[in-house]
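Structural features, examined
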Amino acid sequence: MEAVDIELPPMDNETARSTNSCSGYHEKVLKTLLLLAVFIICALIAVVVYQDLAPCQPKAATSKNNPLPQRFYDENYMRYLAYFPPGSRSNPSYLTKREVLWQADACGTQLNREPSDPLFFTSNQNIPLEPAVTGFMGQFGTYRFLSMFEMMAMFIGEEKHGMWRFQENGFIRVYRDKSSNVGIFPVERKRAIESGLYYVDAEKYTKDDTLLGILKNHYMNVNPALDFDYAFGDDTSIIINTNGRRVEVLNWIDLPIYHEKFTRKYRNHAPIDTPAYFCQVSSDNFPHAKVAWQLITAQEKANKVGPLGIRAGLDIKENFHKIIRFNQFPGATAWANIGQGNPDTDQRPKTLKEMGERNQTVNYQAIDQDKVEIEIYLAERGYSNSSVTYLQFIVVMMDKTDPEAYTYLRPDGYYYDVLVKRNTNAKNINQEPRFNFKISIRGEEEQKRVYSTVAFAMSNLERPNFRLEGGGCPAKGGDLNGYPWGNPGSGFETNYEEVIPVCDAILIDIRFWTNLGDPLDDPAVKIGNSGIGYNSTKIAEYVTQPNFYGRFTDPYNVKNNIQNPDELDFTTDHKMQGPKNHTDENVTFRIDFGKIGTLNKVNFPENIDIAPVSCVAESENKNDYCGP
């Protein structure tokens, strides 16, 4: 082994005298001990630094000398992070402004305000700083990033992301509170449903105040705050009622959106007649994007649904808890599998024998978005009665060459009956399931037939080899619970079974943005008099150090007597001021903007929970991303 020279730290005079008096043997021992001491000290320093900089390690957030959480630059995430508030990392805690305004007063940014300044979180213009928050989610080793900067939200992921089709059936499933000793008996199901529809048709439906009261007080739609985990797959449960008797009650009931339980807020809702395409894009409770999602969806422009989304039922809050509508970045597009031209091989094989005899031929081409209207959403929703929720990516489409080509309404059940009663045109909506469909393709004059694939997802080539279940397309609509075993559907419990998923027939590039602030073309937003204290008048006063600016001195201009018509003279003696001979008195001038400046409204909810969830809470890994 090659010898390595080690340069020891310089010793003081006392140590030097002691060392010089030692024998050679003692000198070697002292050097060894000194090296050992240096090594131990370095190790201790390394441990302290690591503990200090671990992104998720708690640290005292406030003190007399440090009133704000300490900020540090994390090399792994290439940005500033703020420490969590004090307390154990596993205890619930809530977001602070410092954690989403971590950029404030970072070195080299010239904020030049003291932390005690009430306007510390504003610019020099007194414009309030806006949140900078980001997170990520992943499935199958593929990652998507959710961020908001300057009120601009972005969702960035992979190109050609596959989706499944689903269609809401106009119902909301409500579950009995697990702790309740009251419930609806199976024989009372019909009367309980009709008790909430009496206001629509009093001649047809009878009101039962007792059953309606039980529904309102003891049955709830899926809510992360409530516990319904007893009911998976079971229609009924045996409970001990208030009289001490064992009785069988319904665990859940499907109620049409018109039901009185929902306070008639959907009484004028448009017919839910349009399918959508979705894919779950996060793991349970999206632990690495939790803060970003909460802050983004807290803004006033969040939770707004467009006309196609309404026809797909995406505005039913009991089913889709929170939702954001996005736009595509230029260049991003949607894709359809139109096959390679041979219908015999373009169609997916349906049996194992057929799969062994031939390959399915696929061909993804860009959808013509001049002809096909598309609305894009990211929504929070769970499955069945689980309190666990996921982020679901949803796309709704309408081909303008045939606007009704994708519509469907099942002519059966309470939703249809009430819809027809309230909207006589509902009978004209297509009532035949659309198992096959066509779509407009870029560069093609005629619509092309779209083909489903056999696969669970184009991106999942070997699911079982990555400790994941299934791998095949579930092939029908309805509740996905239980996949891949039994007879699962491909979506949610309030979906039509006959609207089949057409797995990965449609793909989309995940490149999206949305503006959650005021319109970018609003002439009043963030102009010079928009800041706090300045936005009460059209006129703003500016302060400057005096000098004479703009005098031409280039020889060409001097020789040709070319003078600057835009010279600015802030001086009393009409002379240029030097760095050493200038006056210390500032001067002012005013600008009339002709209007009152405005600001983006930013919501900072006090209840944004930053406690680790799901895998982050379970692993307690200091290197896990858990900041905003």
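From a predicted model like this one, the values you see are computed outputs, not experimental measurements.

Glancing now at the sheet that holds strand S20 (residues 506–508). Read from one edge to the other, the open sheet built from twelve strands follows the order S3-S4-S5-S21-S13-S16-S17-S12-S6-S20-S14-S15, with strand pairing classed as antiparallel. Each edge of the open sheet is held by one strand with a lone partner, namely strand S3 (132–139) and strand S15 (364–366). When the angles between neighbouring strand axes are averaged without regard to direction, this sheet yields 30°. Both strand S14 (residues 334–337) and S20 contribute to a ladder of three bridges, which runs antiparallel. Of the residues in S20, the one forming a bridge with Ala336 is Ile506.

One can find Leu468 in the loop between strand S19 (448–449) and S20. As for Leu468 and Phe140, which are separated by 328 residues in sequence, their C-alpha atoms are 8.7 Å apart. Setting aside its immediate chain neighbours within four residues, Leu468 contacts Phe140 and Arg463.

Side chains of residues three or four places apart in an α-helix project in the same direction, reflecting 3.6 residues per turn. For helix H5 (residues 209–218), the full list of buried residues reads Leu211, Leu212, Ile214 and Leu215. For H5, the angular spread of the buried residues around the axis is 160°, confining them to a single face. For H5, the exposed residues set more than 90 degrees away from the buried face come down to Asp209, Thr210 and Asn217. Buried residues along H5 sit in contact with helix H4 (189–195), strand S8 (219–221) and strand S11 (252–256). At the N-terminal boundary of H5, the capping side chain belongs to Asp208, with an oxygen 3.0 Å from the backbone nitrogen of Thr210.

Another aspect to go through is the state of the cysteines. Defined simply, a disulfide is a covalent bond joining two cysteines at their sulfur atoms. Enumeration over the complete set of coordinates arrives at one disulfide. Across the disulfide, Cys473 is cross-linked to Cys503 (sulfur-sulfur distance 2.0 Å). On the sign convention where negative means left-handed, the S-S torsion of about 75° between Cys473 and Cys503 marks this disulfide as right-handed. Here Cys473 is found in the loop between S19 and S20, whereas its partner Cys503 is found in the loop between S19 and S20, with 30 residues between them in sequence. Among the residues examined, Cys503 registers a relative accessible area of 0% and is labelled buried.

To continue, consider the packing of aromatic side chains. Across all of its chains, the model carries 23 aromatic pairs by this definition. Each ring, one from Trp164 and one from Phe456, has its centre 5.1 Å from the other, and the planes form 80°; the classification is edge-to-face. On the criterion of sequence distance, the pair formed by Trp164 in strand S6 (residues 161–166) and Phe456 in the loop between S19 and S20 is long-range, its members being 292 residues apart. Relative accessible area serves as the criterion here: at 7%, Trp164 is assigned to the buried category. Between Tyr205 and Tyr414, the ring centres sit 6.3 Å apart and the planes meet at 55°, which makes this aromatic pair tilted. Of this pair, Tyr205 sits in the loop between H4 and H5 while Tyr414 is found in helix H10 (residues 413–422), placing the two residues 209 residues apart along the sequence. Grouping residues by exposure puts Tyr205 and Tyr414 together as buried.

For the coordinates displayed, the defined rule picks out 23 salt bridges. Put simply, Glu497 and Lys476 hold a salt bridge, and the shortest N to O gap is 2.8 Å. Residue Glu497 is located in the loop between S19 and S20, and its partner Lys476 is located in the loop between S19 and S20; the two are separated by 21 residues in the primary sequence. Residue Lys476 is classed as buried on the basis of its relative accessible area of 16%. Taken together, the shared-partner salt bridges connect Glu130, Glu150 and Lys526 into one network.

Attention shifts here to unusual backbone geometry. Look at the link from Tyr483 to Pro484: it is a cis peptide, with omega at 10°. The residue Pro484 is located in the loop between S19 and S20 in this model. The backbone of Asn303 sits at a positive phi, close to 60°, despite the residue not being glycine. Taking the relative accessible area as the measure of exposure, Asn303 reaches 24% and is therefore partly exposed.

Across five bridges, strand S5 (residues 152–156) lies against strand S21 (residues 511–515) in antiparallel orientation. In the strand pairing of S21, Ala153 is matched with Thr514.

Take the nonpolar core next. One finds Leu146, Phe155, Phe326, Leu378, Phe393, Met397 and Ile439 to be the most contacted residues of the largest nonpolar core, which totals 54 residues. Examining the composition of this core, we find that five residues originate from one element, helix H6 (residues 290–297), more than from any other. Excluding residues that lie within four positions of it along the chain, Leu378 makes contacts with Leu146, Phe155, Val281, Trp293, Lys322, Ile323, Ile324, Phe326, Leu391, Gln392 and Phe393. Counting residues in each nonpolar core, the second largest holds 36 residues, with Ile184, Ile214, Ile257 and Tyr408 among its members.

Through backbone hydrogen bonds, the strands of a sheet pair up, either in parallel or in antiparallel fashion. Strands sit in the order S8-S7-S11 across an open sheet of three strands; the sheet is antiparallel. Looking at the sheet topology across the chains shown, the edges are occupied by S8 and S11. The mean inter-strand angle of the sheet, taken between neighbouring strand axes irrespective of direction, is 40°. Direction of pairing for strand S7 (residues 171–176) relative to S8: antiparallel, over a ladder of three bridges. Counted as the bridge partner of Tyr175 is Met220 from S8. Sheet strands touched by H5: S7, S8 and S11. Its angle to S8, the strand with the most contacts, is close to 50°.

The predicted coordinates of low-pLDDT regions are not to be read in fine detail. Averaged over every residue, the pLDDT of the protein is 84; the share at 70 or more is 82%. For the protein, per-element mean pLDDT is lowest for helix H1 (residues 13–20), which scores 40, and highest for helix H7 (residues 307–311), which scores 98. Here residues 1–23 is modelled with pLDDT under 50, and outside its nearest four sequence neighbours on either side it reaches nine contacts, counting other chains as well. Contacts for the low-pLDDT stretch residues 620–628, under 50 throughout, to residues beyond four places or in other chains number 39 contacts.

Position of Asn169 relative to the elements: it lies in the loop between S6 and S7. At a separation of 3.0 Å, a polar atom in the side chain of Asn169 contacts the main-chain amide nitrogen of Phe171. Beyond its immediate stretch of four places on either side in the chain, Asn169 contacts Tyr415, Thr494, Asn495 and Tyr496.

Turning our eyes to something else, we now look at the pairing of strand S9 (residues 236–240). Because side chains alternate across S9, one face comprises the buried residues Ser237 and Ile239, and the other comprises Thr236, Ile238 and Ile240, none of which is buried. Relative to strand S10 (residues 246–250), S9 is paired through five bridges, and the arrangement is antiparallel. Across the sheet, Ile238 pairs through a bridge with Glu248, a residue of S10. Where S9 folds back onto S10 in an antiparallel hairpin, the turn is made up of five residues, including Gly244, whose phi is positive at roughly 80°.

Cut-offs applied
Within any chain, residue numbers begin from 1 and follow the written order of that chain's sequence. In keeping with the predicted nature of the model, local features appear solely for residues at pLDDT of at least 70, side-chain atom pairs appear and are counted solely at 80 or more, and the whole-chain, interface and lining totals rest on all residues. The side-chain figures draw on all heavy atoms in the structure; neither hydrogens nor water molecules are used. For two strands to count as paired, DSSP must find a minimum of two bridges between them. Under the scheme used here, helices are H or I runs from DSSP no shorter than 4 residues and strands are E runs no shorter than 2 residues, and both carry numbers assigned from the N terminus. To define axes, lines are fitted to C-alpha atoms, for helices over the stretch in contact only, and angles between the resulting N-to-C directions are given on a 0 to 180 degree scale. By definition, residues are in contact when any of their heavy atoms lie within 4.5 Å. Exposure classes here rest on a 1.4 Å probe applied to the protein chains alone. A residue is buried below 20% of its type maximum, exposed above 50%, and partly exposed in between. Arc, as used here, means the arc of the directions from the helix axis to the C-beta atoms. Residues adjacent in sequence count toward polar contacts only when both atoms are side-chain atoms; beyond that, a polar contact is any pair of N or O atoms within 3.5 Å, and within protein one must be able to donate a hydrogen and the other to accept it. Here, the term disulfide refers to a pair of cysteine sulfur atoms separated by no more than 2.5 Å. Pairing of aromatic rings covers Phe, Tyr and the six-membered ring of Trp, with a centre-to-centre limit of 6.5 Å; geometry is then stacked below 30 degrees between planes, edge-to-face above 60, and tilted otherwise. For salt bridges, the criterion is a side-chain nitrogen of Lys or Arg within 4 Å of an Asp or Glu carboxyl oxygen. For this analysis, a nonpolar core means a set of buried residues of the types Ala, Val, Leu, Ile, Met, Phe, Trp, Tyr and Cys, connected via side-chain atoms within 4.5 Å. Summary of the metric used: pLDDT quantifies the predictor's per-residue confidence within the range 0 to 100.

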